[in-house]
Amino acid sequence: MTKLLTTAAVAAIAIAASLGSAAARDQIRIVGSSTVYPFTTAVAENFGKTSGMKTPVVESTGTGGGMKLFCAGVGESHPDATNASRRMKKGEWADCTKNGVKDIVEILIGYDGLTFAQAKAGLQMKITRKNLFLALAKQVPDADGKLIPNPYKNWSDIDASLPNEKIEVLGPPPTSGTRDSMHELFMEVGAGEIPALKALKEKDAKAFETVWKSVREDGAYVEAGENDNVIVQKLEANPKSFGVFGYSFLEENVSKLSGVPIDGVAPSFETIADGSYKPSRELFVYLKKAHVGVVPGLDKFAFEYVSDAATGDEGYLSDKGLVPLPAEKHAEVAKAVNALEPMKGDELK
């Protein structure tokens, strides 16, 4: 028994040493996705009002930037959680593991649709993901199927039914999870609908991936930074331009913006929930289990996030545009989070 107690004491000391002076911090710190930011901020504010603890600090750093900060280590100088508008990548998991961030709790909070939006006074049109690929890709196939630098200047150059107006799309930078979603939900699908690229995929999957992951750099696509509010301002200033961001942000600015129907379906709470709006994605929060019990209230904050009151079917995050998980899936996620069950990295891509 003495030996067991001694071993436990040594383990406790080792954990405390790895956390450094984390106990000196009495306020939860969260970084990450600008898309998930308003949801986590709402949960943080509710937590601060009802728990008697300090309201967590939430920073919008972008998904990629948040992962770098989150995976850098454990202790007071490192964040306790990070928001993500896509699932953690295998390489990020490896970085976390290398830096001692090993017990990570994954919280799937709900769904968001990736939207192609415009100012209310803008060009009203419908579009396909094939159109979007041809508008945004760095290289496109010519009539013979050979890849050439993107020649399209106006929307009507792609399809005569589209407006004879200059292509100008404001979107996220490479560090954003929304950029990853744009590649996967718009570009990859659109490229796969073009016969020459479909053939390339079958012949050389890596070459195909390079094509749909490469965005043009001639001014038609403008990286607008991590702050989606900047995109709103620019869309209002130039109603002939378009923006790429999550549905939740479109919902927040519905008086100023409208979503463009993609493949015949307009983005809405209902179309994302029922799956008819195809460009939709999962949203996540990642938590360091090593900080639970060291940073006060971190576990309770996680429990609040998966409560019916927050992310349930009628939860308060629905009012902010989050599309909730089906009841059975929500219950499954809540059970795992309430048990602080660490995720398994072998499922990541």
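A quick note: this is a predicted structure, and the numbers were derived from the prediction, not measured. (Residues numbered from 1 in each chain as written. Predicted model: local features only at pLDDT ≥ 70, side-chain atom pairs only at ≥ 80, totals over all residues. Heavy atoms only, no water.)

> Looking at this model, I keep getting lost on the overall build of the chain. Mind explaining?
A tally of helices and strands in the chain yields 15 helices and 11 strands. The C-alpha atoms of the chain give a radius of gyration of 22 Å, which matches the 20 Å a tight globule of 349 residues would have. Across the 349 residues in the chain, those meeting the buried criterion constitute 50%. Taking the contacts inside the chain whose residues are at least 6 apart along the sequence as the reference set, 74% of them involve residues at least 24 apart. Total accessible area on the chain stands at roughly 15900 Å², and carbon and sulfur atoms take up 53% of it. (Helix = DSSP H or I, 4+ residues; strand = E, 2+ residues; numbered from the N terminus. Rg over C-alpha atoms; globule rule 2.2 N^0.38 Å. Buried < 20%, exposed > 50% of the residue type's maximum accessible area, 1.4 Å probe, protein only. Contact = heavy atoms within 4.5 Å. Areas by Shrake-Rupley, 256 points an atom, 1.4 Å probe, with all protein chains shown as cover.)

> Help me understand the packing of aromatic side chains, please; the structure alone is not making it clear to me.
Each pair of aromatic rings is reported with the distance of its centres and the angle of its planes. Taken as a whole and assessed by the stated rule, the structure comprises 7 aromatic pairs. Between W155 and F242 the ring centres are 5.6 Å apart and the planes differ by 80 degrees, which places this aromatic pair in the edge-to-face class. Residue W155 is found in helix α6 (residues 155-158), and its partner F242 is found in strand β9 (residues 242-246); the two are separated by 87 residues along the sequence. Classification of W155 by relative accessible area gives buried; the value is 0%. Accessibility expressed as a relative area gives 0% for F242, which makes it buried. Measuring from centroid to centroid gives 5.9 Å for F301 and Y305, while their planes differ by 90 degrees, and the two rings are edge-to-face. One end of the pair is F301 and the other is Y305, both in helix α13 (residues 298-305) and 4 residues apart, which spans about a single turn. For F301, a relative accessible area of 1% puts it in the buried group. When the ring centre of F70 is taken as origin, the NZ or CZ atom of K288, which lies over that ring, is 4.9 Å away. (Phe/Tyr/Trp six-rings, centres within 6.5 Å; stacked < 30°, edge-to-face > 60°. Lys NZ or Arg CZ within 6 Å of the ring centre and 35° of its normal.)

> Sorry if this is basic, but what is going on with the pairing of β9 here?
Taken residue by residue, a regular strand's side chains alternate between the two faces of the sheet. Most of β9 is tucked away, with 5 of its 5 residues classed as buried. Both strand β4 (residues 104-119) and β9 contribute to a ladder of 4 bridges, which runs antiparallel. Bridge pairing in β9 links A117 to G243. Across 2 bridges, the pairing between strand β7 (residues 169-171) and β9 is parallel. Each bridged residue has a counterpart across the sheet, and for V169 the counterpart in β9 is F242. (Pairing = 2+ DSSP bridges.)

> Quick question: what am I supposed to make of the environment of G293 here?
Along the chain, the position of G293 falls in the loop between β11 (280-288) and α13. Sequence separation of G293 and P324 is 31 residues, and the distance between their C-alpha atoms is 29 Å.

> Would you mind going over the state of the cysteines with me for this structure?
As used in these notes, a disulfide is a covalent bond between sulfur atoms, one from each of two cysteines. In the structure shown here, the tally under the stated rule is 1 disulfide. Through a disulfide, C71 is tied to C96; the S-S separation comes to 2.0 Å. One disulfide, between C71 and C96, carries an S-S torsion of -70 degrees and so falls in the left-handed class. Residue C71 is located in helix α3 (residues 63-71), and its partner C96 is located in helix α4 (residues 90-98); the two are separated by 25 residues in the primary sequence. (Disulfide = S-S within 2.5 Å.)

> Before we go on, may I ask you to explain the pattern of salt bridges in this structure?
Side chains that carry opposite charge are capable of pairing whenever their charged atoms lie near each other. As enumerated under the stated definition, the model contains 17 salt bridges in all. Between R86 and D180 there is a salt bridge whose closest N-O contact spans 2.7 Å. Within this pair, whereas R86 is found in the loop between β3 (81-84) and α4, its partner D180 is found in helix α7 (residues 177-192), the two being separated by 94 residues in sequence. Look at R86 and you get buried, because its relative accessible area is 12%. When the shortest N-O distance is used, the salt bridge between K89 and D180 registers 3.5 Å. Note that K89 is positioned in the loop between β3 and α4 and D180 in helix α7, a separation of 91 residues in sequence. Salt bridges sharing common partners tie together R86, K89, E92 and D180. (Salt bridge = Lys/Arg side-chain N within 4 Å of Asp/Glu carboxyl O.)

> Can you help me understand unusual backbone geometry in this one?
Trans is the prevailing form of peptide bonds, just as negative phi is the prevailing case for residues other than glycine. The backbone of D263 shows a phi angle near 50 degrees, a positive value even though the residue is not glycine. In this structure, D263 sits in the loop between β10 (257-259) and α12 (269-273). Phi at L340 takes a positive value of approximately 50 degrees, unusual for a residue other than glycine. Counting through the fold element by element, L340 comes out in the segment after α15 (327-338). Relative accessible area serves as the criterion here: at 12%, L340 is assigned to the buried category.

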